Amino acid sequence: MQKSSKIYVAGHRGLVGSALLRKLEKEGFTNLVLKTSHELDLRNQAEVDSFFKKEKPEYVFLAAAKVGGIYANNTYPAEFIYDNLVIATNVIHAAYQAGVKKLLNLGSSCIYPKMAPQPIEESSLLTGLLESTNEAYAVAKIAAIKLCKHYNKQYGTNFISLMPTNLYGENDNFDLKNSHVLPALIRKFVEAKESGVDSVSVWGTGKPRREFLHADDLVDAALYLMQNKDYAEIGEFVNVGTGEDVSIKELAELIQKLVGFKGSITWDLSKPDGTPRKLLDVSRLHSLGWKYKVGLEEGIKQTIGWYQANLY
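Residues numbered from 1 in each chain as written. Predicted model: local features only at pLDDT ≥ 70, side-chain atom pairs only at ≥ 80, totals over all residues. Heavy atoms only, no water.

Caption draft 1: Here's a closer look at the sheet that holds strand S11 (residues 246-247). A sheet is described by the order of its strands in space; here three strands give the open sequence S11-S8-S13, paired in mixed fashion. Every interior strand has two partners, whereas the edge strands, S11 and strand S13 (277-278), have only one. Direction of pairing for strand S8 (residues 209-210) relative to S11: antiparallel, over a ladder of two bridges. Its bridge partner lying in S11, arginine 210 is registered against valine 246. (Pairing = 2+ DSSP bridges. Helix = DSSP H or I, 4+ residues; strand = E, 2+ residues; numbered from the N terminus.)

Written out as structure tokens, the structure is:
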């Protein structure tokens, strides 16, 4: 990509999209195309087709998605599968029709089977049953990977897919019902400290293990791969993560410490744990020349500061 290349960032207001926008602007890219969901409904095929015909972007970052944690995925599965399917099909097909030089599709590590061997290699895709709590979202993300694969095969496009682990950072969703575990815990502990309560309740047993990647690291990897590696080198998709994980109990205690909450943690055993463990094998990513930079404690401290300054 050249600094003047026309680049469309789909989903530029979300966690990943906003981090990507900051990164592109910092790196000196000047010809960015941005549309809010009110200006362009990516679920509307006619609107998407018209947008691509008019704007003719050279490069596309597909970061738009309907996302959420266990509660949201369990409560709105029809919306999660429909919205994410149509966003992917509309954008990927329109990009092909418009002659986009390269597209980067951002997925999620939830595509893997619930009981996949750990750490999870890319070859584990479609080798077992999905975690039921996020099956709808996962199926849509798997479909997007396959769309890119088969458009590349049939039409000679250069559409690549990245499967990041659990993400966090600025502009995350901190809603207690619809967010992922890390931002939800930040909000819980910050509010508990400010209100002076004695304890914070956390879902499940605390035993499941999760890997967390700062959104700034993901977009650094995305830009690196977009500029340096094509589909032929990357393959169907590549995992993006740290290759390290922590238990939810360890995560809660770390956030408790960084927030400065002096009370106790109670575990709500009536709530689901989700997948027992989800750690990505990132050896392929390392072989492509990229490794993460932001440590978990450093990243959480930065995210707590952003939340307190902007949302609390």
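From this point, things continue past the structure.
Caption draft 2: Layout of the pairing of strand S5 (residues 159-164). Burial within S5 is extensive, with six of its six residues counted as buried. What you see with S5 is no split at all: Phe159, Ser161 and Met163 on one side and Ile160, Leu162 and Pro164 on the other are buried throughout. The pairing of strand S4 (residues 102-106) with S5 spans four bridges and is classified as parallel. Bridge pairing links leucine 104 to isoleucine 160 in S5. The β-α-β motif built from S4, the intervening helix H5 (residues 135-155) and the parallel element S5 has right-handed crossover chirality. As paired elements, S5 and strand S10 (residues 238-240) share three bridges and run parallel to each other. (Buried < 20%, exposed > 50% of the residue type's maximum accessible area, 1.4 Å probe, protein only. Right-handed = clockwise from strand over helix to strand, strands pointing away.)

Caption draft 3: Spatial organisation of the nonpolar core. Counting residues in hydrophobic clusters, the biggest one holds 52 residues, and the most contacted among them are Ile7, Leu24, Phe61 and Leu162. The set of elements that each furnish at least two residues to this core consists of strand S1 (7-10), helix H1 (15-26), strand S3 (59-62), S4, H5, S5, helix H7 (215-228) and S10. No other element matches the eight residues that H7 contributes to this core. Setting aside chain neighbours within four positions, we find phenylalanine 61 in contact with Met1, Ile7, Tyr8, Val9, Ala10, Leu20, Leu24, Leu104, Ala222, Leu223 and Met226. (Core = buried A, V, L, I, M, F, W, Y, C linked by side-chain atoms within 4.5 Å. Contact = heavy atoms within 4.5 Å.)

Caption draft 4: Structural context of the packing of helix H9 (residues 248-259) against helix H11 (residues 296-310). Following both chains from N to C, one finds H9 and H11 inclined at 55°, their axes separated by 10 Å at the closest point. Considering their axes alone, H9 and H11 lie oblique with respect to each other. Crossing handedness for the pair H9 and H11: right-handed. Along the contact surface, H9 presents Leu251, Leu254, Ile255, Lys257, Leu258 and Val259, while H11 presents Leu296, Glu297, Ile300, Lys301 and Ile304. (Axes fitted to C-alpha atoms, helices over the stretch in contact; angles between N-to-C directions. Parallel < 35°, antiparallel > 145°, perpendicular 65-115°, else oblique. Left-handed = near helix turned anticlockwise from the far one by under 90°.)

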